[in-house]
Amino acid sequence: MTQPMDLDVRIERDSMGDRSIPCSAYYGIQTLRATENFPISGIKPLPTYVDACIIIKKATAIVNGKLGCIPQEIGQAIVQAADEVLAGKLRDQFVVDVYQAGAGTSHHMNVNEVLANRALEILGEQKGNYKRVSPNDHVNYGQSTNDVIPTAIRIGGLLALSKTLHPALENAIAALEEKAQEFQNVVRSGRTHMQDAVPVRLGENFRAWAHILTEHQNRIYTASSDLMILGLGGSAAGTGLNTHPQYRASVVQAIAEIINFPLEPAPHLMAAMQSMAPFVNVSGALRNLAQDLVKISHDLRLMDSGPKTGLKEIQLPPVQPGSSIMPGKYNPVMAEMTSMVCFQVMGYDHAIALAAQAGQLELNVMMPLIAYNLIHSIEILGNTIAALTERCIKGITAYQERCLAYAEGSLALVTALNTHIGYLNAAAVAKESLETGQSLRQIVLERGLMSEEELAKVLNLEQMSAIVPLTIQDGKSE
Ligand SMILES: N[C@@H](CC(=O)O)C(=O)O
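Computed from a predicted model, the values in this text were never measured in an experiment.

Enquirer: Please give an account of the overall build of the chain that cites residues and values.
Expert: Across its full length, the chain holds 18 helices and eight strands. Computed over C-alpha atoms, the radius of gyration of the chain comes to 30 Å, more than 25% over the 23 Å expected from 2.2 N^0.38 for 478 residues, which places it beyond the range of a compact globule. Principal axes of the C-alpha set define a box for the chain whose edges measure 100 × 60 × 35 Å. Buried residues in the chain amount to 50% of all 478 residues. Taking all contacts inside the chain whose residues are at least 6 apart in sequence as the whole, residues at least 24 apart take part in 70%. Entry remark: accessible area of the chain is about 22600 Å², with carbon and sulfur atoms responsible for 54%. Across the chain, the 37 positively charged side chains and the 47 negatively charged ones have centroids separated by 2 Å.

And the structure:
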């Protein structure tokens, strides 16, 4: 149905009919219909995902222009429009809710329409004059949502990893290693099953965390190498219908030059379109990291518990008053926030797994969910680790005397006596110490189990808490 003319609107037509669009809008009729269909979460596409789509459109316009598939000047105008968006312009024009049409056609058409309308302006035309620059025939030449969106998730994932998560992990690892150095001589009681265990060094706890994060970073690097294999060029069903024979290789090369990653064309386009395995793989690596990060943030909270009624082995830097009612209370807020973000990442991973197995025949239409969850997971994990490093890890201090007092009071010190007096004798000493309050040392001497000198040598906390070096076969240590 044709709508009444209004000076502030333009009329656009698609296969369903005419609609009026605000003249100021760069999006068009298909975007308008999508916003009406999907008023779901109010969450707009992530900027990194928009960047990924625009980068793809820039590369396709360059290549299709060069190959003569679209007029050169139209290709150039689309490239200029894409560069403007990448520089931060028109960002409010990407308006379709993240929970939207299957496969991502709505967001994809939003991108095509914004670029077409801006290209029209660049060419001195009115917005909406799609006979000159068409969102479908020019911006989308030789493409389909079905090859563009899985490519955009790959590019978005790579951009998010390189901009947020990897730098954040590197800084966190460096900060933990610095603390490991600082706390190297702080002896504390180990606790296993939340019960007293043999002594350890606080510095070694931090070194272990640094090592855990390094291993996760390596796992994420390995998983993300899958994202560098692009199925762009498959068009609607992975056959490449409507594409120029030289398009597939050239367009992957063009994207590689724009983002500076060693990208490769997928060896099988249908496989690249149908399988969500690369995203599941990266998401799984993120989940794995999140699980250990929860453990670390819970450890920080336990060690910091108190100040009067808990362990208080370390002090997390107070960053804000903790309580609305209890004055002078400071809570481990950065560690608490970290745990919650990690739970969200695990939830996203589960939804990604459900979406990934829901593909049918030539296409998996659940890609919008995967796109949002994967890129958001990477970004919130990166931001969380960065904030935790700056506002928590770097400012941690240790209560060395309290740590040592706990270690000295631990009944598990008798473990070091096992090889001298036997497990059963050592257990009897521990039991008596717990019942009478007498020190382990006193009881061993009273029972005449060891000499004073021998005991002093064995019950040396510094030595007990040092890590036994890895010795290789010829007897040399690392
Ligand atoms: N996802 C669409 C294709 C496209 O939007 O290009 C379909 O398969 O129907």
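On we go from here.
Enquirer: Quick rundown of the side chain of Ser 377? Include the residues and the values.
Expert: Among the structural elements, Ser 377 can be located in helix α12 (residues 367-391). Excluding residues within four positions of it along the chain, Ser 377 makes contact with Leu 286, Val 345 and Tyr 348.

Enquirer: So what about the layout of surface pockets? Which residues, and what values?
Expert: Roughly 490 Å³ of internal volume is contained in the largest pocket. Among the elements of the structure, β3 (187-192), β4 (195-201), α7 (202-224), α10 (277-304) and α18 (461-465) are those that each provide at least two residues to the lining of the largest pocket. Residues of the lining of the largest pocket, tallied by class, amount to 11 nonpolar, five polar and six charged. Quantified by volume, the second largest pocket comes out at close to 310 Å³. Among the residues making up the lining of the second largest pocket, the classes are represented as six nonpolar, five polar and five charged.

Enquirer: Explain the packing of helix α6 (residues 145-182) against α12 to me, using residue names and the numbers behind them.
Expert: Helix packing for two helices is described by the angle between their axes and how far apart those axes are. In the contact formed by α6 and α12, the axes pass within 8 Å of each other and the chain directions differ by 15°. Regarding the angle of α6 to α12, the classification is roughly parallel. When you trace α6 past α12, the crossing you get is left-handed. Considering only residue class, the contact of α6 with α12 consists of 19 nonpolar, seven polar and one charged.

Enquirer: Describe in detail the pairing of strand β2 (residues 17-22), supporting the description with residues and values.
Expert: Side chains on a regular strand alternate between the two faces of the sheet. With five of six residues buried, β2 lies mostly within the body of the structure. The pairing of strand β1 (residues 9-14) with β2 spans six bridges and is classified as antiparallel. Pairing of Arg 13 across the sheet is with Asp 18, part of β2. Counting the residues in the hairpin turn of β1 and β2 gives two residues.

Enquirer: Any details on the site of the ligand? Residues and values, ideally.
Expert: The ligand sits among Ala 103, Thr 105, Ser 144, Thr 145, Asn 146 and Leu 363. Note that a nitrogen atom of the ligand is positioned 2.7 Å from one of the side-chain N or O atoms of Asn 146. Here the ligand loses 56% of its free accessible area of 270 Å² to cover by the protein chains. In terms of residue class, the shell around the ligand is built from two nonpolar, four polar and no charged.

Enquirer: So what about the packing of aromatic side chains? Which residues, and what values?
Expert: To describe a pair of aromatic rings, you give the distance between the ring centres and the angle between the ring planes. Counted by the stated rule, this structure contains three aromatic pairs. Ring geometry for Tyr 348 and Tyr 372: centres 6.1 Å apart, planes at 80°, overall edge-to-face. Residue Tyr 348 is located in helix α11 (residues 333-356), and its partner Tyr 372 is located in helix α12; the two are separated by 24 residues in the primary sequence. With respect to burial, Tyr 348 and Tyr 372 carry one shared label: buried. Here a set of aromatic residues connected by ring pairs shows up, and it is made of Phe 183, Phe 206 and Trp 209. Taking NZ or CZ as reference, Lys 127 lies 4.2 Å from the ring centre of Tyr 26, over its face.

Enquirer: Just give me the short version of empty space enclosed by the protein, but keep the residues and values in it.
Expert: Taken as a whole and assessed by the stated rule, the structure comprises four cavities of 30 Å³ or more. When its volume is computed, the largest cavity comes out at roughly 90 Å³. Around the largest cavity sit Pro 45, Leu 46, Tyr 49, Val 96, Val 98, Gln 100, Gly 104, His 107, Pro 368, Ala 371 and Tyr 372, which together line it. No other element matches α12, which puts three residues into the lining of the largest cavity.

Enquirer: Let's hear about the environment of Ile 40: which residues, and what values?
Expert: Mapped onto the fold, Ile 40 is located in the loop between α1 (29-37) and α2 (47-66). Along the sequence, Ile 40 and Tyr 99 sit 59 residues apart, while their C-alpha atoms lie 6.5 Å from each other. Apart from residues no more than four positions distant in its own chain, Ile 40 is found in contact with Asp 97 and Tyr 99.

Enquirer: How would you sum up a nonpolar patch on the surface? Please name residues and give values.
Expert: A cluster of nonpolar side chains, Ile 40, Ile 43 and Tyr 99, forms an exposed patch at the surface whose accessible area comes to about 260 Å². Counting through the fold element by element, Tyr 99 comes out in the loop between α3 (72-86) and α4 (105-122).

Enquirer: Explain the pairing of β4 to me, using residue names and the numbers behind them.
Expert: Taken together, the five bridges between β3 and β4 define a ladder with antiparallel strand orientation. Bridge pairing links Val 187 to Arg 201 in β4. Between β3 and the antiparallel strand that follows it, β4, lie two residues; His 193 among them carries a positive phi value of about 55°.

Conventions we followed
- Residues numbered from 1 in each chain as written.
- Predicted model: local features only at pLDDT ≥ 70, side-chain atom pairs only at ≥ 80, totals over all residues.
- Heavy atoms only, no water.
- Helix = DSSP H or I, 4+ residues; strand = E, 2+ residues; numbered from the N terminus.
- Rg over C-alpha atoms; globule rule 2.2 N^0.38 Å.
- Buried < 20%, exposed > 50% of the residue type's maximum accessible area, 1.4 Å probe, protein only.
- Contact = heavy atoms within 4.5 Å.
- Areas by Shrake-Rupley, 256 points an atom, 1.4 Å probe, with all protein chains shown as cover.
- Lys, Arg positive; Asp, Glu negative; His and termini not counted.
- Charge placed at Lys NZ, Arg CZ, Asp CG, Glu CD.
- 1 Å grid on protein atoms, 1.4 Å probe; cavity = no way out; pocket = protein on both sides within 12 Å on 5 of 7 lines; lining within 4 Å.
- Points joined across faces, edges and corners; volume = space filled by probe spheres on them.
- Nonpolar A, V, L, I, M, F, W, Y, C, P; charged D, E, K, R; others polar.
- Axes fitted to C-alpha atoms, helices over the stretch in contact; angles between N-to-C directions.
- Parallel < 35°, antiparallel > 145°, perpendicular 65-115°, else oblique.
- Left-handed = near helix turned anticlockwise from the far one by under 90°.
- Pairing = 2+ DSSP bridges.
- Near = heavy atom within 4 Å.
- Polar contact = N/O pair within 3.5 Å; in protein donor to acceptor, adjacent residues only side chain to side chain.
- Phe/Tyr/Trp six-rings, centres within 6.5 Å; stacked < 30°, edge-to-face > 60°.
- Lys NZ or Arg CZ within 6 Å of the ring centre and 35° of its normal.
- Patch = residues over 30% accessible without salt bridge, like charges linked within 9 Å, V, L, I, M, F, W, Y side chains within 5 Å.
- Salt bridge = Lys/Arg side-chain N within 4 Å of Asp/Glu carboxyl O.

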